[in-house]
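Residues per chain are reported as follows:
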Amino acid sequence: MSVEEEVRAAAAAADLVLVGNDAELIAKCWTDGWVAVDAGGVTPKADIIGWIASGRLQHHTMTTVGGERIARVGDTVVLTARKASSGTWEGAPYAVEEWMSQVYVRVDGRWLEAFCHKATVAF
């Protein structure tokens, strides 16, 4: 399996874990220093994991819908794709399509996400 295929597989597995809403398992897919960046700013791993653990944030779907691209430099890979997701935030349902750029690094033989940048798709 190529590095690109390994990262695609790790990303798909992480998406499945995310919709399972198991905070402990999700945390294992991300590096300790993981952050997400979007129009609202920077959100650290501890915040997202806490929201999921408390039920404040729940993911129901996460699907890659197009535009996938991989760029590799050594043991760092950037996966960019258009993704559609749904779930609830503080009990209110949401559905969104976003462009996501996720940085993956190899840690102890596993590909972990170290960074995620999201931009809402303009229709």
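Structure report, in brief. (Residues numbered from 1 in each chain as written. Predicted model: local features only at pLDDT ≥ 70, side-chain atom pairs only at ≥ 80, totals over all residues. Heavy atoms only, no water.)

1. A word on the environment of Gly41
(1) Moving on: As for its position among the elements, Gly41 is in strand E2 (residues 41–44).
(2) Moving on: The exposure class assigned to Gly41 is partly exposed, which follows from its relative accessible area of 24%.
(3) Moving on: Note: C-alpha distance between Gly41 and Arg72 (31 residues apart in sequence) is 26 Å. (Helix = DSSP H or I, 4+ residues; strand = E, 2+ residues; numbered from the N terminus. Buried < 20%, exposed > 50% of the residue type's maximum accessible area, 1.4 Å probe, protein only.)

2. Side note on the packing of aromatic side chains
(1) Moving on: For the coordinates displayed, the defined rule picks out two aromatic pairs.
(2) Moving on: Considering the side-chain rings of Trp30 and Trp34, the 3.8 Å spacing of their centres and the 5° angle between planes classify their relative orientation as stacked.
(3) Moving on: Arranged with centres 5.0 Å apart and planes meeting at 75°, the rings of Trp51 and Trp89 form a pair that is edge-to-face. Within this pair, whereas Trp51 is found in helix H3 (residues 45–54), its partner Trp89 is found in strand E4 (residues 76–89), the two being separated by 38 residues in sequence.
(4) Moving on: With a relative accessible area of 29%, Trp89 lands in the partly exposed category. (Phe/Tyr/Trp six-rings, centres within 6.5 Å; stacked < 30°, edge-to-face > 60°.)

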